[in-house]
Amino acid sequence: MWLDTPFPLGSPQFADLCRFAMVTGMRQAEIAALEWSWVDQESEAASLYRTKRMRLRTISLCPAAFEILERQSRFNAKSKVFRDGNGDDWRKISSKFAL
């Protein structure tokens, strides 16, 4: 699958973040803000509370998205899904996408 090919930019965590963006269509800020408590495996969806239009937005998650989520560390339900190689929240995510 094309998602398994090596990613040329940065860390494995950033590669997963980019792949997640591709399979979900989520915006950079939405991915950076995504918390584990917003992901519902039963309904196969993520509820986004911090969106561009400041409205609740629900995103359907495909199996590829769940594969990516399974590789991320869970600290607690309120923690961010995507963290950098040091375990910190992604900061200045748009500058990372500009690479």
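Scroll up to find the structure this text is about.
If you're wondering where the values come from, they're calculated on a predicted model, not measured in any experiment. (Residues numbered from 1 in each chain as written. Predicted model: local features only at pLDDT ≥ 70, side-chain atom pairs only at ≥ 80, totals over all residues. Heavy atoms only, no water.)

## Brief notes about the environment of G25
Here is step 1: Tracing the backbone shows G25 in the loop between α1 (12-24) and α2 (28-33).
Here is step 2: Separated by 34 residues in the primary sequence, G25 and I59 have C-alpha atoms spaced 8.7 Å apart.
Here is step 3: Residues in contact with G25, not counting those within four places in the same chain, are F20 and R57. (Helix = DSSP H or I, 4+ residues; strand = E, 2+ residues; numbered from the N terminus. Contact = heavy atoms within 4.5 Å.)

## A short note on the pattern of salt bridges
Here is step 1: In the structure shown here, the tally under the stated rule is five salt bridges.
Here is step 2: Where R57 meets E30, a salt bridge forms, and the shortest distance between an N and an O atom there is 2.6 Å. Highlighted residues: R57 in strand β3 (residues 57-60) and E30 in helix α2, separated in sequence by 27 residues.
Here is step 3: Residue class for E30 comes out buried when judged on its relative accessible area of 2%.
Here is step 4: Between E35 and K80 there is a salt bridge; the shortest N-O distance is 3.5 Å. With E35 in the loop between α2 and β1 (39-40) and K80 in the loop between α3 (63-70) and α4 (93-97), this residue pair connects regions lying 45 residues apart in the sequence. (Salt bridge = Lys/Arg side-chain N within 4 Å of Asp/Glu carboxyl O. Buried < 20%, exposed > 50% of the residue type's maximum accessible area, 1.4 Å probe, protein only.)

## A closer look at α3
Here is step 1: All buried positions along α3 are accounted for by A64, A65, F66, I68 and L69.
Here is step 2: Among the structural elements, α1 and β1 are those in contact with the buried residues of α3.

## Quick notes on the packing of α1 against α3
Here is step 1: Packing of α1 against α3 leaves a shortest axis separation of 9 Å and a crossing angle of 160 degrees. Regarding the angle of α1 to α3, the classification is roughly antiparallel. The handedness of the crossing between α1 and α3 comes out as left-handed. In this structure, α1 uses D16, R19, F20, V23 and T24 to contact α3, whose residues at the interface are A64, A65, I68 and L69. (Axes fitted to C-alpha atoms, helices over the stretch in contact; angles between N-to-C directions. Parallel < 35°, antiparallel > 145°, perpendicular 65-115°, else oblique. Left-handed = near helix turned anticlockwise from the far one by under 90°.)

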